[in-house]
Amino acid sequence: MLISEPRTVPAAAAVDPPFVQPRLRVLDLLRFVAAMAVVLFHFGETRAWGTVNAFPALSGVTMFGSYGVRLFFMISGFVILMSAWGRTPGEFVVSRIARLYPAYWASVIILGGIALMGFITDHRPTLSELLANLTMFQHGLRIRDLEIVYWTLWHELVFYVMIACFAVVGITYRRVLGFMGGWIFLLALAERLDISLLKVGLAQFGAPYFIAGMSLYLIYRFGNSLLPWLFVGLAYAFGLVQLLGEGPSAIKRFGEPLGTALVVGVISLMFLVMILVALGRLDGIDWRGLTLLGALTYPLYLFHHHVGFLMIQWLNPVLGHRVTLPVVIGIVLVVAWAVYRFVEVPAQPRLKAALSRSLKIAD
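It should be emphasised that the depicted structure is a prediction, and the values quoted were computed from it without experimental measurement.

1. Comments concerning the packing of aromatic side chains
Turning to step 1, where the next piece is worked out: Per the stated rule, a full pass over the model turns up 27 aromatic pairs.
Turning to step 2, where the next piece is worked out: Summarising the aromatic geometry, the rings of Phe 159 and Trp 183 are spaced 5.9 Å apart at their centres and angled 20° between planes, so their arrangement reads as stacked. Of this pair, Phe 159 sits in helix H6 (residues 151-169) while Trp 183 is found in helix H7 (residues 173-193), placing the two residues 24 residues apart along the sequence. As far as the burial class goes, Phe 159 and Trp 183 line up, both buried.
Turning to step 3, where the next piece is worked out: Note on Trp 337 and Phe 342: the rings are 5.8 Å apart at their centroids and 90° apart in plane angle, and the pair reads as edge-to-face.
Turning to step 4, where the next piece is worked out: We classify Trp 337 as partly exposed; its relative accessible area is 38%.
Turning to step 5, where the next piece is worked out: Exposure remark for Phe 342: the relative accessible area of 56% places this residue in the exposed category.
Turning to step 6, where the next piece is worked out: Feature note: the residues Phe 73, Phe 92, Trp 151, Phe 159, Tyr 160, Phe 166, Phe 179, Trp 183, Phe 205 and Phe 210 constitute an aromatic cluster, connected by ring pairs.
Turning to step 7, where the next piece is worked out: Over the ring of Tyr 160 we find Arg 96, and its NZ or CZ is 5.6 Å from the ring centre.

Spelled out as structure tokens, the structure:
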């Protein structure tokens, strides 16, 4: 049954009732799957092989790995709303900075240093580019990313700022519905009037997936109710309209009927899996090892392209395509683990504690 009675809050209550949030390890798995999809897409398409057609059959599948970014955004919508609920804006901002920056700074410093030594993928960064990239605000400064994967972080940052501002007024079920309704209306308005400021400020590319994730979290937390499902449907429609309007490479490769069907199928599968998460159908996927896979996701995403490009260039002439690909995947996974173990594990709690102390000084 689609419509059922959601958990309600007494009229006098300022916030929603306490909610004990179990760890959803299935989301760790999905994040890792999304990251590996992006890895396979980049490794299948990279010119480091010396040919654009290194894996002609495999590339027909891995080309859809680029959509892993959209799954990342949907998971972010779910998880970030969950993370911000019941927290002060300061607590939320501290948690996000501590989560994002240690591995990111490590990637800029290490990959930037490697590039300055001459081991580059396509561009040797200047000092100003390196400094801008350290802030993670290079898109706002109109400075190119050190790594091609960094572009998604700008969309995440815009979303985090929106949620932090939302947290100022207090996050509740009804306010989330109003927030998403206003967001969708402004997205349509920005497109209709071609207002660049609104498009940037509303994270236009990732917005349908952020909204879908937020709606699905409401369903997960409060149960089935019509309005969140309507927002899931709107987000699905907006996402497909946006994607099909870009002229996906699948259509160019497979022709319009089949290519369109494949694109719609992949996006539909992503939504279906996240719907199953929201309905609790995948709660049984609870292996503790999935927590480590989730932890590897972010450093894997940050480091895989540059490291993989160089490894493919060096190993492919010796090992050949078929051996080099799994070897390089193994190497980037080891790099991701090393960054997690020796950068994130020690740095995240220290940075979080320091930021929290800094906030208390003003109290």
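2. Examining the pattern of salt bridges
Turning to step 1, where the next piece is worked out: Within this structure, the stated rule accounts for six salt bridges.
Turning to step 2, where the next piece is worked out: Put simply, Glu 246 and Arg 70 hold a salt bridge, and the shortest N to O gap is 3.4 Å. A residue pair is termed long-range when its members are at least 10 positions apart, and Glu 246 in the loop between helix H10 (226-245) and helix H11 (249-254) and Arg 70 in helix H3 (residues 68-84) qualify at 176 residues.
Turning to step 3, where the next piece is worked out: Measuring nitrogen to oxygen at the nearest pair gives 3.9 Å for the salt bridge that ties Glu 191 to Lys 199.
Turning to step 4, where the next piece is worked out: Through salt bridges that share partners, Glu 191, Asp 194 and Lys 199 make up one connected network.

3. Observations regarding helix H1 (residues 25-45)
Turning to step 1, where the next piece is worked out: For H1, which comprises 21 residues, the first-to-last C-alpha distance of 31 Å matches the rise-based estimate of 30 Å (1.5 Å per residue) to within 8%.
Turning to step 2, where the next piece is worked out: When you tally the buried positions in H1, you get 15 out of 21 residues, the bulk of the element.

4. Description of the nonpolar core
One recurring pattern in soluble globular proteins: nonpolar side chains tend to sit buried together.
Turning to step 1, where the next piece is worked out: Core analysis: the largest hydrophobic core is formed by 111 residues, its most contacted members being Trp 183 and Leu 216.
Turning to step 2, where the next piece is worked out: Ranked by residues supplied to this core, first place goes to helix H9 (residues 207-222) with twelve residues.
Turning to step 3, where the next piece is worked out: Other than its neighbours up to four places away in sequence, Trp 183 contacts Phe 159, Met 162, Leu 202, Ala 207, Phe 210, Ile 211 and Met 214.

5. Considering a nonpolar patch on the surface
Turning to step 1, where the next piece is worked out: Side chains of Val 318, Leu 319, Val 323 and Val 327 sit close together on the surface and give an oily, nonpolar patch of about 320 Å² of accessible area.
Turning to step 2, where the next piece is worked out: When residues of the nonpolar patch are traced back to their parent elements, those giving at least two are helix H13 (289-319) and helix H14 (321-361).
Turning to step 3, where the next piece is worked out: Along the polypeptide, Val 327 turns up in helix H14.
Turning to step 4, where the next piece is worked out: Looking at Val 327, the relative accessible area reads 33%, which means it is partly exposed.

6. Description of the environment of Gly 284
Turning to step 1, where the next piece is worked out: Mapped onto the fold, Gly 284 is located in the loop between helix H12 (256-278) and H13.
Turning to step 2, where the next piece is worked out: Taking the C-alpha atoms as reference points, Gly 284 and Leu 24, separated by 260 residues in sequence, lie 9.6 Å from one another.

7. A short note on helix H4 (residues 89-116)
Turning to step 1, where the next piece is worked out: Compared with the 40 Å implied by 1.5 Å per residue over 28 residues, the 38 Å span of H4 between its first and last C-alpha is a close match.
Turning to step 2, where the next piece is worked out: Of all the bends in H4, the largest measures some 35° and sits at Tyr 101, one to four residues before the proline Pro 102.

8. Considerations on the packing of H4 against H13
Turning to step 1, where the next piece is worked out: Between H4 and H13, whose axes approach to 9 Å, the crossing angle comes to 10°. In terms of axis orientation, H4 runs roughly parallel to H13. Along the contact surface, H4 presents Arg 99, Leu 100, Ala 103, Tyr 104, Ala 106, Ser 107, Ile 110, Leu 111, Ile 114 and Ala 115, while H13 presents Tyr 298, Leu 302, Phe 303, His 306, Val 307 and Leu 310.
Turning to step 2, where the next piece is worked out: The residue makeup of the contact of H4 with H13, split by class, is 13 nonpolar, two polar and one charged.

9. Details of the environment of Leu 300
Turning to step 1, where the next piece is worked out: By secondary structure assignment, the location of Leu 300 is in helix H13.
Turning to step 2, where the next piece is worked out: Measuring from C-alpha to C-alpha, the distance between Leu 300 and Trp 287 comes to 21 Å, with 13 residues separating the pair along the chain.
Turning to step 3, where the next piece is worked out: The residues touching Leu 300, leaving out its near neighbours within four places in the chain, are Phe 32, Ala 35, Met 36, Val 39, Val 332, Leu 333 and Ala 336.

10. As for the confidence of the model for the chain
Turning to step 1, where the next piece is worked out: Per-chain confidence: the chain averages 91 in pLDDT, with 94% of residues scoring 70 or above.
Turning to step 2, where the next piece is worked out: Scored below 50 in pLDDT, residues 1-15 makes 22 contacts in the model with residues more than four places away or belonging to other chains.

Calculation criteria
Residues numbered from 1 in each chain as written. Predicted model: local features only at pLDDT ≥ 70, side-chain atom pairs only at ≥ 80, totals over all residues. Heavy atoms only, no water. Phe/Tyr/Trp six-rings, centres within 6.5 Å; stacked < 30°, edge-to-face > 60°. Helix = DSSP H or I, 4+ residues; strand = E, 2+ residues; numbered from the N terminus. Buried < 20%, exposed > 50% of the residue type's maximum accessible area, 1.4 Å probe, protein only. Lys NZ or Arg CZ within 6 Å of the ring centre and 35° of its normal. Salt bridge = Lys/Arg side-chain N within 4 Å of Asp/Glu carboxyl O. Expected span 1.5 Å × (residues − 1). Core = buried A, V, L, I, M, F, W, Y, C linked by side-chain atoms within 4.5 Å. Contact = heavy atoms within 4.5 Å. Patch = residues over 30% accessible without salt bridge, like charges linked within 9 Å, V, L, I, M, F, W, Y side chains within 5 Å. Areas by Shrake-Rupley, 256 points an atom, 1.4 Å probe, with all protein chains shown as cover. Bend = angle between axes of the 7 residues up to and from the residue. Axes fitted to C-alpha atoms, helices over the stretch in contact; angles between N-to-C directions. Parallel < 35°, antiparallel > 145°, perpendicular 65-115°, else oblique. Nonpolar A, V, L, I, M, F, W, Y, C, P; charged D, E, K, R; others polar. pLDDT = per-residue confidence, 0-100.

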